[in-house]
Amino acid sequence: MPTAAARVPLKLPVRPDQVWTMDFTQDAFASGRKFRTLNLMDGFTRYAPRIEVDTSLPGQRVVRVLEELKRRGRKPEAIVIDNGTEFTSQVVDQWAYENQVQLHFITPGRPMENGFIESFNGKFRDECLNENWFLDLADAREKIETWRCDYNQVRPHSALGYLTPAEFSQRSAASSGCARMAPPFEAACSTGDSVVTGVVLDRPNPEKVSLSVD
C-alpha cells in the first residue's frame, strides 16, 4: 500500500487543500520540561489549520489531528513531510492510503524542500515560542492558539497580496465558486475561555530565551 511519492520537486499549489505541509517544533515549560508542537499549513493559502501541542506527539496523534480536520471539512491531496519516525510510521501511512492522500517525503538533510513550513516555523519560533514563558501545557496551548489565530486572521501576508490567510482562503472560494475552500470551521478562534475574533489578546510576558532546538 505505497502512499509516499517519489522525491521529485512538487509544483507550487494553485488551489487550497492541494498541498499541505507538516512539521514539528520543540520548546520547554518554565520548569524545563520539554513539549512539542505539530504544525500544519496549507501551501496555497498559508492558512494554518492546526498547531497541536503536547509533551508527546506520536504517529497515532498525528493521525488523530488529520482525522479531526477531515471531519471538519479539510483534507489535503498531498502532504509534504520530513522523514521523522512519526511521519514514516505505519499508522500515518495507513491513514494516507485509506484517504487517498499522497505523502511526499523530502530528501533527508534538505529542509529547504519543505520551505513553506520552514518559513512558518521560523515566524512561530521568533514571535511566539521565544516571546513567551509557558507555565504548563494548558498555558502553552492557550498562548500558541492565540498566536495561530493572529497569524491566520489578523496579519496580512505579502505573498498573498497583503491579505490574511483567512481572507485569501475566502476569496479563493468565492472566485472558484467552491465554498469548501474557505476555512469552514473557524469563524472565531477559541483560546481557553477567550475568543479571538481579529484582536490579539494583550498579555505582557517577560523576555524569554528559548531552550529548544527545531
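Residues numbered from 1 in each chain as written. Predicted model: local features only at pLDDT ≥ 70, side-chain atom pairs only at ≥ 80, totals over all residues. Heavy atoms only, no water.

Trainee: Where do I start with the overall build of the protein in this structure?
Mentor: Check the secondary structure of the protein and you find five helices and eight strands. When the helices and strands of the protein are read in sequence order from the N terminus, they spell out β-β-β-β-α-β-α-β-α-α-α-β-β. Counting across all 214 residues of the protein, residues that qualify as buried make up 49%. Of the roughly 10600 Å² that the protein leaves accessible, carbon and sulfur atoms contribute 52%. (Helix = DSSP H or I, 4+ residues; strand = E, 2+ residues; numbered from the N terminus. Buried < 20%, exposed > 50% of the residue type's maximum accessible area, 1.4 Å probe, protein only. Areas by Shrake-Rupley, 256 points an atom, 1.4 Å probe, with all protein chains shown as cover.)

Trainee: Just to check I follow, could you spell out the packing of aromatic side chains for this structure?
Mentor: Each aromatic ring pair is summarised here by two numbers: the centre-to-centre distance and the angle between the ring planes. Taken as a whole and assessed by the stated rule, the structure comprises nine aromatic pairs. Taking 5.3 Å as the distance between ring centres and 25 degrees as the angle between the ring planes, the aromatic pair formed by Trp147 and Tyr151 counts as stacked. Within this pair, Trp147 and its partner Tyr151 are both found in helix 4 (residues 137–153), separated by four residues, close to a single helical turn. Per residue, the accessibility class of Trp147 equals that of Tyr151, and both read buried. Each member of the aromatic cluster is reached from another via a ring pair, and the members are Phe120, Phe124, Trp147 and Tyr151. Over the ring of Phe24 we find Arg36; its NZ or CZ atom is 4.2 Å from the centre of that ring. (Phe/Tyr/Trp six-rings, centres within 6.5 Å; stacked < 30°, edge-to-face > 60°. Lys NZ or Arg CZ within 6 Å of the ring centre and 35° of its normal.)

Trainee: Hey, could you run me through the confidence of the model for the protein in this one?
Mentor: Reading fine detail from the predicted coordinates is not recommended where pLDDT is low. Considering every residue of the protein, the mean pLDDT works out to 84; 77% of them sit at 70 or more. Across residues 191–214, confidence stays below pLDDT 50; counting only partners more than four residues off in sequence or on other chains, it has 51 contacts. (pLDDT = per-residue confidence, 0-100. Contact = heavy atoms within 4.5 Å.)

Trainee: Any chance you could explain the packing of helix 3 (residues 115–127) against helix 4 here in plain terms?
Mentor: The description of two helices packed together rests on the angle between their axes and the distance between the axes. Helix 4 packs onto helix 3 with a crossing angle of 125 degrees between their chain directions and a minimal axis gap of 11 Å. In terms of orientation, helix 3 lies oblique with respect to helix 4. Of the two possible hands of crossing, helix 3 and helix 4 adopt the one that is right-handed. Contact residues: helix 3 offers Phe120, Lys123, Phe124 and Glu127, while helix 4 offers Ile144, Trp147 and Tyr151. Among the residues making up the contact of helix 3 with helix 4, the classes are represented as five nonpolar, no polar and two charged. (Axes fitted to C-alpha atoms, helices over the stretch in contact; angles between N-to-C directions. Parallel < 35°, antiparallel > 145°, perpendicular 65-115°, else oblique. Left-handed = near helix turned anticlockwise from the far one by under 90°. Nonpolar A, V, L, I, M, F, W, Y, C, P; charged D, E, K, R; others polar.)

Trainee: Before we go on, may I ask you to explain the packing of helix 1 (residues 59–71) against helix 2 (residues 90–98) in this structure?
Mentor: Here helix 1 crosses helix 2 at 25 degrees, and the two axes come no closer than 8 Å. Considering the angle they form, helix 1 stands roughly parallel to helix 2. Where helix 1 approaches helix 2, its residues Gly59, Gln60, Val62, Val63, Leu66 and Glu67 are matched on the opposing element by Val91, Val92 and Trp95. Taken together, the residues of the contact of helix 1 with helix 2 break down into six nonpolar, two polar and one charged.

Trainee: Would you mind showing me how to read the pattern of salt bridges here?
Mentor: Where charged atoms of side chains with opposite charge meet at close range, the side chains can pair. Counted by the stated rule, this structure contains 17 salt bridges. Here Glu86 ties to Arg36 by a salt bridge, and the two come within 2.7 Å at their closest N and O atoms. In this pair, Glu86 is assigned in the loop between strand 5 (78–81) and helix 2 and Arg36 in strand 3 (residues 34–42), connecting sequence segments 50 residues apart. When its relative accessible area of 15% is taken as the criterion, Glu86 is described as buried. Residue Glu113 is joined to Arg110 by a salt bridge in which the shortest nitrogen-to-oxygen separation is 3.2 Å. Its relative accessible area of 36% is what places Glu113 among the partly exposed residues. Beyond isolated ion pairs, a larger network of salt bridges with shared partners links Arg50, Glu52, Asp54, Arg61, Glu68, Arg72 and Arg141. (Salt bridge = Lys/Arg side-chain N within 4 Å of Asp/Glu carboxyl O.)

Trainee: What should I look at first to understand helix 1 in this one?
Mentor: Think of an α-helix as turning once every 3.6 residues; residues three or four places apart then point the same way. Given a rise of 1.5 Å per residue, 13 residues ought to cover 18 Å, and the 18 Å separating the end C-alpha atoms of helix 1 matches this to within 8%. For helix 1, every residue scored as buried is listed here: Gly59, Arg61, Val62, Val63, Val65, Leu66 and Leu69. Residues of helix 1 that are buried make contact with strand 2 (19–28), strand 3, strand 4 (50–54), strand 5, helix 2 and helix 4. Once helix 1 finishes, Gly73 follows within two positions and takes phi at roughly 100 degrees, a positive value. (Expected span 1.5 Å × (residues − 1).)

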